[in-house]
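Chain and residue survey
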Amino acid sequence: REYQQLLLQSHEQVISSPFCGIDRWFDNHYGFVTWTIDGYLDRIIEKLKSRQNTKYRVYRTLYEHTSPDGKKNLDLYGKDQVYIFFVFEPSGQTIQLMGDFPETVFDVSVPEWSTQWCWRPCPSGMEDGLVDPDMVYVDTEAYDDNDDYNDRVKKDERHLH
């Protein structure tokens with residue numbers, strides 16, 4: 001429960017729009033590609049737009065900035081860019097979808113994805129959200145150098161009872 005709250009609060013604080021904000025939990029995701037399902041990302045984004053306060057992020061990568069394997073996929077499907085779309089499910093876990101938005105027109109320039117997870121400025125004068133320093137998780141359990149994982153679990157279980 002504490003972990004779930006950490007994820008949800010991080011997304012809430014940092015992601016200020018679909019085009020702005022990235023937190024450390026994005027890379028803890030599962031994902032899939034949607035090239036063979038025409039309009040799939042369009043349908044998902046329309047449903048997300050209709051829900052109030054649902055966080056998601058959209059990036060794109062142009063052909064010249066994709067990996068060799070990425071270029072093979074773009075060539076196969078006749079595309080010149082790939083969209084990277086992060087959706088957050090209700091527990092805060094991240095789903096990464098990759099593909100195209102053939103019908104969706106974005107009202108701002110979609111930010112370029114950084115494969116190194118480097119920060120990029122937000123488009124159109126938008127600003128990233130900020131993490132509340134009081135909400136940063138700190139593990140306060142005192143483990144000694146001789147504790148292995150099972151010892152830590154046992155200590156945690158004793159602590160909970």
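Because the structure is a prediction, the values reported are computed rather than measured.

1. Remarks on the overall build of the protein chain
Looking only at helices and strands, one finds 4 helices and 4 strands in the protein chain. Along the protein chain, helices and strands appear, N-terminal first, in the series α-β-α-β-α-β-β-α. Evaluated residue by residue, the protein chain yields a buried proportion of 35% over its 161 residues. Within the protein chain, counting contacts between residues at least 6 apart in sequence, those at least 24 apart form 65% of the total.

2. Brief notes about a nonpolar patch on the surface
On the surface, a cluster of nonpolar side chains totalling about 260 Å² of accessible area is made up of Val131, Val136 and Val138. Relative to the helices and strands, valine 136 is located in the loop between β4 (94-99) and α4 (149-160).

3. Here we look at the packing of aromatic side chains
Tallied over the entire structure, the rule returns 14 aromatic pairs. On the numbers, 6.1 Å between centres and 55° between planes, the contact of phenylalanine 32 with tyrosine 40 is tilted. Classification of phenylalanine 32 as partly exposed rests on a relative accessible area of 35%. For tyrosine 40, a relative accessible area of 25% puts it in the partly exposed group. By way of ring pairs, the aromatic residues Phe19, Tyr56, Tyr83, Phe85, Phe101 and Phe106 are connected into one cluster. A cation over a ring is seen here: lysine 71 above tyrosine 63, with NZ or CZ 5.6 Å from the ring centre.

4. Description of the sheet that holds β4
Strand order in this open sheet of 4 strands is β1-β4-β3-β2, and the pairing throughout is mixed. Because the sheet does not close on itself, it has two edges, and the strands there are β1 (29-33) and β2 (56-62). Each adjacent strand pair in this sheet contributes to an overall mean axis angle of 20°, direction not counted. Sheet topology note: the β1/β4 ladder contains 5 bridges and is parallel. Its bridge partner lying in β4, histidine 29 is registered against threonine 94. Packing against the sheet, helix α2 (residues 40-50) makes contact with β1, β2, β3 (81-88) and β4, and its axis sits at approximately 40° to β3.

About the cut-offs
- Residues numbered from 1 in each chain as written.
- Predicted model: local features only at pLDDT ≥ 70, side-chain atom pairs only at ≥ 80, totals over all residues.
- Heavy atoms only, no water.
- Helix = DSSP H or I, 4+ residues; strand = E, 2+ residues; numbered from the N terminus.
- Buried < 20%, exposed > 50% of the residue type's maximum accessible area, 1.4 Å probe, protein only.
- Contact = heavy atoms within 4.5 Å.
- Patch = residues over 30% accessible without salt bridge, like charges linked within 9 Å, V, L, I, M, F, W, Y side chains within 5 Å.
- Areas by Shrake-Rupley, 256 points an atom, 1.4 Å probe, with all protein chains shown as cover.
- Salt bridge = Lys/Arg side-chain N within 4 Å of Asp/Glu carboxyl O.
- Phe/Tyr/Trp six-rings, centres within 6.5 Å; stacked < 30°, edge-to-face > 60°.
- Lys NZ or Arg CZ within 6 Å of the ring centre and 35° of its normal.
- Pairing = 2+ DSSP bridges.
- Axes fitted to C-alpha atoms, helices over the stretch in contact; angles between N-to-C directions.

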